[in-house]
Amino acid sequence: MKLQLQSSLGVDLDAAPNEAGGLPNGMALRERADVGCVFLNAAVNAAEVIEGGNEALGVQLPARPGSISRGPRCSAIWLTPRAWLVQCPVDDELELASRVNAAFADKRLHAALFTDYLYWLELCGEGAEAILQQGGFVSLERDGLAVGHAKRTLVGNIPAVIIHERKFEWLVGIERSRTKYFVGWLNSVRDAPAG
Amino acid sequence: MILIRCPYCGELRTEDELTYGGEANIARPAETVSDEAWTDYLFMRTNPKGIHQEQWCCSAGCGQWFKVVRDTVSHRILDVWKFEEVSQAAEEVA
Amino acid sequence: MTTHGYRLPSGGRIDRTRTIAFEFNGRRLSGHPGDTLASALMANGVDIIGRSFKYRRPRGLYGAGVEDPNSMVAVRDAYGYEPALRAGQVRLGDGMQAWSVRGWPSAVFDVGGGVQLVSGLLNAGFYYKTFKWPSWSWFEPWIRRATGFGCPQAVDENRKVHHRHATYDVLIVGGGPAGLATARSLIGSGLRVFLAEDQPQLGGSLNWEAALIDGQSGSAWAASMARTLAEDSHTTILTSTTVTGAYENDHFVLVQSFWDDRGVHTECLWKLRAHHVVLATGMIERPLLFPDNDRPGIMLSGTVRRMINEFGVAPARRMAIYTNNDSGYLTALAAYRAGMAIAAVVDTRSAEAAMHATLSKEMGIPCLFDAQIQATAGYRRLATITVRQVSAVTKIACDGLAVSGGFSPCVHLAGHRGSKPVYDPTCGAFVPGDVPERWHVVGGVKATLDLSATFADAGAVAHTIRAGRGGLGSAHSPRVDVLSLGTGAIPTQPSVGSSSRMWVDFQNDVKASDIELAAREGYVAIEHLKRYTTLGMGTDQGRTSNVVGLSLLAALTNRTLSEVGTTTFRPPYTAIRLGTIANARRGDLFKPRRLFPTHGVHENRSAVFEDFGWERPDWYRSNANEREAAVALEMAAVRNHVGVFDASSLGKIEVTGPDAAKFLSRFYVSNLMTLKPERVRYSVMLKEDGVIFDDGVVSCLSDNHFLASPTSGNAEAVAAWFERWRQTEWPTMQVAISPVTANWTSIALAGPLARALLARLQPDFDISNDAFPHMQIREGTVGGVSARVARISFTGELQFEVSVQARYASSLLSTVLTAEGDLEPRPVGLEAWLRLRLEKGYLHVGSDTNGRTTPLDIGMGGIVAKRQDDFIGKRSLKLAFATSSEREQLVGLRALDGSLEVGGRILSRGHTQVPCPTEGYVTSACFSPSVGESIGLALIQRGHTRDGEVVKVFCGGTPISCRISNPIFYDPTNQRLQA
Amino acid sequence: MKIRQYSLRALALCALQGHRDWPPAWRTPQPKSSYDVVIVGGGGHGLATAFYLAKHHGVTRIALLEKGWIGGGNTGRNTTNVRSDYLFPESAAIYDLALRLYEDLARELNFNIMLSQRGWLTLIHNQHQMELAAHKLNWLKCNGVDGEIIDRAVVRGMLPHFNMGRDARNPVLGAFLQRRGGTIRHDAVAWGYARAADRLGVDIIQNCEVVGFEKSADKITSVHTTHGRIHCERVGMAVAGQSTALAAMAGFRLPLTTHTLQAMVSEPIRPVLNHVVISPATGVYVNQTQKGELVMGGMLDLYQSYAQRGNFPTIEKVLSAVVEMFPSFGQLRLMRHWGGAVDIVPDSSPILGPTPVRNLFINCGWGTGGFKAIPAGGLMLAHSLATGSTHPMAQPFGLDRFRSNRLVDEGAAAGIAH
């Protein structure tokens, strides 16, 4: 027997703002069920595991806060001085995790399955940042969160990982159990006046 | 509104994103200490009106604990540093 | 002069081409777009807008904006209802309805006005001296009924609210001449500038003052500035936006309103951070004190100018002016130019001091110098004033009186940051004292009355900011040709008339005599004065009354205004709608509900959910319609065949690394160093004070790889607790903590048929009793997907807990619930689950423990004693109280008569009736179908030594008898869970 | 003619004279060089201590030193709620004593403190809280304190503006009601005690800050103030928000941290809320003052602070909860918000009685519950100052409990805010 896969969105998509309408001026919101995740967590200083991690994953684990390294099969996002979020196609998750765990049998670096922890939403369009800024500062810096960078912060009163993928394109990851809340929140803020 | 730049992720964080951890530099005594020393560790705090060394965590961000010198009246942050570092400002205060 | 009410034939910034209809107290009236409710009411000849708080004196418009103490109204526009607003703050909307909020049957004819007959008894603090006999409770309801403005109504709210967050280089507060000039001078600097103006249009006083700037009228200059700034990509300008609060580290709260012809449709609350702050908030006029100074028709002099120049409304047919500074003459000129009749300018100063007097005289306006008003007359509206000069007393007929006692800078925002305003005797005003770093004060708010000086100042501030931020650009210096306001005015004390007829605080009816009384009774600290008399505590927050009251107190106590000081300025500057702050955070948006990935499956089974941090099934209607019956069926399913329980919220923290076992051992009372792969151990965790914080199992998945399972409620707290100790106390330990709770769904299968049900899922490992005994864990596949299966038990039956990744959760749960054949699995809710564990005597942390319970109290003393090494909280277990004989210890209870209830108190020996001393309480209780008795757990003093003793338990009503017993009521030899 | 007794008759008589005959409510004396007892702190607890010391113990040479104006600390900054529905017998005894004293205080002080016993409602949101409420009720009955559990329909009748809808985030099953709970006019408590103490001869000295203590062995011999040195036999200390600093001056430490507790008030409206309502789900409480303003507050700001200022994140949380509970209150306006500095003890219970300095006695650590305890706190400290011993009711609350870890942890027992 085989258990069935279920969309990772535990909410009614019809109630959510989507590409068909609802969002102002050409903005789009889309679920990213294709994103798989592995949580890499080191028991020692990052420097000691970066090399082994690179070998197992084929991507340079970034050492700079907020930065992202992109590789052929996956990309690695800096989360803490010792932890990374690895994004990959959802079907590659198990294999990537096994490779890391095989490379670090002593568990100095550990790869935990994480795909189902986060629910990813893609928010595109000129007003995307303004929508996010209704739920928090996104960044208190003068120039905001730079393109190609990621950070963890609060959006709409819940923790989120925000990735500024490219200009006017954002990826927001929230804990799965709060998906329905978050989509409801997006619905409540989407018609903010410009200004 | 408390505003602190996390020394680990470098981001400015408001108090919504931070967790306060109380006074810093309270050493955990060994099991063998006297009752008085142990209960001092449990309960006694300096609680100054003014300059205070304390622990904060970038809880909604990179999850790291760090130390801060803060004025408990004005909420001005005088210094922020990592656990493995030493603070000039903190030493001057001490 | 006018054909329709008080509207002037021309002038103002209103749109006369359109007319909008509104209602006031049921009367249908009309106004124009651009009107405020105040100007529209005035144009329609409405004299009395409300009544005062205490004496219910008739009150007309006194100020044009937030400073107005009088014009409280309730308003309904197309978007919502507001029970208490000032008329001057309300933009007129089509179809708007407004009501006076005080006065019965109406504000004009108010029965309550009769209270004035006994006003002699109602002076400051009268209620402290009376109403004690027989009891305040006899009087309070009547007094309460007489208080307050408007009343909230349950009506549909269509007003939208949004919150925005932003960071800017410079925040300029105020879009008057000072703010505009500063913003203009920052263009090209590369700095991002945010300018907030609380009025709908920029320009501030320029919109109603006669000024020539760069050869244009003030309002034309402001409009051209607005255009220039709007074109600059680095400048953001928000009108109708009030900066209401300044907080530490230069965070500001702003409220922006968006309105159309039908009212305010959206409000936006900004939380803004700025590196530099330019305070350009200007000044508010203050009144003069004289007898009966509160009659409708009497208003601030600047308000008169504003009504004429901004709204094209004549505030009176025949105007008099009472002033102690030159701004009164500007009002006279404005009224004269608008074609109004001027009765007189009454100036408290001598002729030589009044620099604009000549101008007035040229126009034939009578001026009276060294003059004071000693009386006024007219009940529903001013009719005459009586002016006393050294040699004469003159009675002058007039239906309007413009009053100016000088100006008070709006220092509030600096005050929010703790900056104490200082009294500047040269200008007679409190100005900002030491402002915070990177704050700059420009224009009227530092009592600069001269526009040229303001512009020079603005240029200098812009220069400082640019220099500090390495910005570019150059100063912009407008040329000013303007009628100056002249010099500042020192508040003067009235020398004529009765102080009991002089109103200081119009809203709260605080009179000069009240301040005298407070001073006489020793309430001379400024905060005492405020609290004793209620001076400045109304909705206008004393904007017009504070300085007048302070100067009176200063005179009465022979102190200077500096010595008296001001009360503390607290946010917000203007009142903010609670709904705007709450930001539609209603219902599910108020607090996120956390849903299981299987939520839909539970819904299909008609689960009744309870919020325990997660929405969890408490019981299932698909089992029975009544809670008790359903719970009984669910318990029976577990005891007799198999029950299915969703344990997804149970914490899952992967602890990995070479030091993982050592690390975990420092948190748990049990030693985990000896835990082998595939083994599971139960333990409790303490805080440093020795009190139980959490419990749960720890599993060893492989070498250096552990899974800690804290309780659902503590999952996040335990992960944070681990992380904090790792970072701050044991940074050299090689360990990593990965909280992964939401990634997994855990479904527990419990009951004699649990193994058979698990087998249906075709696990790829041996699940026989020998191969997979109790307290072990396996990793493998179940139903073809990767899974972790733990054999543990919370129910006392054979139990497997199957965890799969959340995306397979619904499929897993549906599959086990629809298992065919004779298994008959039932979904089991939390209530049944907790009763099953109670029969087994298992601990439920938080229910069976409280903030004082240690492992010694729950029978884990043996395990503690065995530990050689230290763990968190261990040392506290040696303190006197932890080992004292008074401890409450966990035991079982069996009811001998009646039924046990949670929270029942154990009466001390020898007592059978309450009140009496007690020695513990029932922590969990239920009727146990398996035992056939009402059973419970209880924390009882010295409980461990009292097995078999009968105690009296008070559960409400008559105390019942119970026998203290072993807490394990069901299967004490553990045969069933090891089957 | 100076009129000393407050009554309606006196008010009427004085009105005829234009109220010229009212004497100062309390004198403005210069400090003498020596007193039997010096009380530091002119808030509610300090003033009550002075009054009971003079009244019950006949001590006449008492000075009360206040660094600012009396009632200017937490007494003047709190939300004026009173109740006594505490779990532990120790706490219930002391808070119920305070409430009973409050119930007769207006007559005792000849000053209307406007006690309004309109009832304290602790909402019950779920089955678990219902069990806790039953637990609490049993406990209170054993302690001899009043209380009752009311059901949803009764709550609906009591709170017409409350959100009873299906969309409510925190549904209400009922409430725990203490009818004797309510509100008191906070300034009146300070002023009433001050006036009464003054009439018993206590010297209330405002604007007089204590800057140091002079000690001989382990006793204080005199107090140094901004008005000079004052010799004294015993010293009482009731300086919430400043306790740590004063204890340090006297040479000992206290297990305290100081935090901001915020409160906010709306513009006055017609009576819409007759009770004091607290929701355990949010920690937010709300009541309407006699003047019509809604007073609202919530949990402490979690970090240590002496700022005595409001802070927006907390305000947002509290007001969101208020509007969620009472949707129509969204139409009202926040007029003012402020913060008080409260001393928090690990077990949220007060510290009363002796200190390591032999003739110095303290009253501190009431946390957020100080106002409702004023009469009892004053009575306890007066007892210590007069007799040198600890009142039996205060014994569980001694500083020594932190050495044995014998705490009276009300918060942990009930999971409720004070």
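Let me sum up the structure you'll find in this document. Please read these numbers as outputs of a predicted model, since none were measured by experiment.

1. Quick word on the overall build of chain A
Of the regular secondary structure elements, chain A holds four helices and ten strands. Long-range pairs, those at least 24 residues apart, make up 59% of the contacts in chain A with a sequence separation of at least 6. Summed over its atoms, the accessible surface of chain A is roughly 7500 Å², and 50% of this surface lies on carbon and sulfur atoms.

2. Topic: helix H8 (residues 243–250) of chain D
Residues and elements named next belong to chain D. Of the residues making up H8, those classed as buried are Ser243, Thr244, Leu246, Ala247 and Ala250. Along the long axis of H8, the arc covered by the buried residues comes to 165 degrees, so they all point the same way. Buried-residue contacts for H8 involve strand S1 (34–40), strand S9 (210–216), strand S11 (228–237), strand S16 (333–344) and strand S18 (360–364). Positive backbone phi, at 95 degrees, marks Gly251, one or two positions downstream of H8.

3. Thoughts on the sheet that holds strand S38 (residues 692–702) of chain C
Residues and elements named next belong to chain C. The sheet built from five strands is open, its strands ordered S37-S38-S39-S36-S40 with antiparallel pairing. The sheet is open, and its two edges are formed by strand S37 (680–686) and strand S40 (736–739), each paired on a single side. Here the strands of the sheet are splayed against their neighbours by 30 degrees on average, with no regard to which way each runs. Sheet analysis places strand S36 (residues 653–656) next to strand S39 (residues 705–709), joined by four bridges and oriented antiparallel. Directly across from Thr656, in S39, lies its bridge partner His705.

4. Notes on the interface of chain C and chain D
Contact residues are listed per partner, giving 100 residues for chain C and 97 residues for chain D. Taking both sides of the interface into account, the surface hidden between chain C and chain D amounts to around 8900 Å²; carbon and sulfur atoms contribute 56%. Put simply, chain C and chain D have ten salt bridges between them. Where C:Glu140 meets D:Arg118, a salt bridge forms, and the shortest distance between an N and an O atom there is 3.0 Å.

5. Observations concerning the side chain of D:Gln178
Residue and element names in this part refer to chain D. Among the secondary structure elements, Gln178 is positioned in strand S6 (residues 174–178). Overall, Gln178 belongs to the buried group, its relative accessible area being 0%. Of note is the side chain of Gln178, whose polar atom sits 2.8 Å from the backbone nitrogen of Ser84. A distance of 3.4 Å separates the side chain of Gln178 from the backbone nitrogen of Asp85, its partner in a polar contact. Setting aside its immediate chain neighbours within four residues, Gln178 contacts Arg83, Ser84, Asp85, Leu99, Gly119, Trp120, Val145 and Asp146.

6. A few points about the interface of chain B and chain A
Between chain B and chain A, the residue contacts involve 15 residues of the former and 13 residues of the latter. Remark: the boundary between chain B and chain A carries two salt bridges. Between chain B and chain A we count seven residue pairs in polar contact (both at pLDDT 80 or more) in total. For the side of chain B that touches chain A, the secondary-structure elements that each account for two or more residues are strand S1 (3–5) and strand S2 (12–14) of chain B. The biggest single contributor to the side of chain B that touches chain A is S2(B), with three residues. In the side of chain B that touches chain A, the residues fall into six nonpolar, four polar and five charged.

Rules behind the numbers
Residues numbered from 1 in each chain as written. Chains lettered and ligands numbered in written order. Predicted model: local features only at pLDDT ≥ 70, side-chain atom pairs only at ≥ 80, totals over all residues. Heavy atoms only, no water. Helix = DSSP H or I, 4+ residues; strand = E, 2+ residues; numbered from the N terminus. Contact = heavy atoms within 4.5 Å. Areas by Shrake-Rupley, 256 points an atom, 1.4 Å probe, with all protein chains shown as cover. Buried < 20%, exposed > 50% of the residue type's maximum accessible area, 1.4 Å probe, protein only. Arc of directions from axis to C-beta. Pairing = 2+ DSSP bridges. Axes fitted to C-alpha atoms, helices over the stretch in contact; angles between N-to-C directions. Buried area = accessible area lost by both parts, 1.4 Å probe. Salt bridge = Lys/Arg side-chain N within 4 Å of Asp/Glu carboxyl O. Polar contact = N/O pair within 3.5 Å; in protein donor to acceptor, adjacent residues only side chain to side chain. Nonpolar A, V, L, I, M, F, W, Y, C, P; charged D, E, K, R; others polar.

So, to be careful, I would describe these as geometric facts and stop short of saying anything about function.
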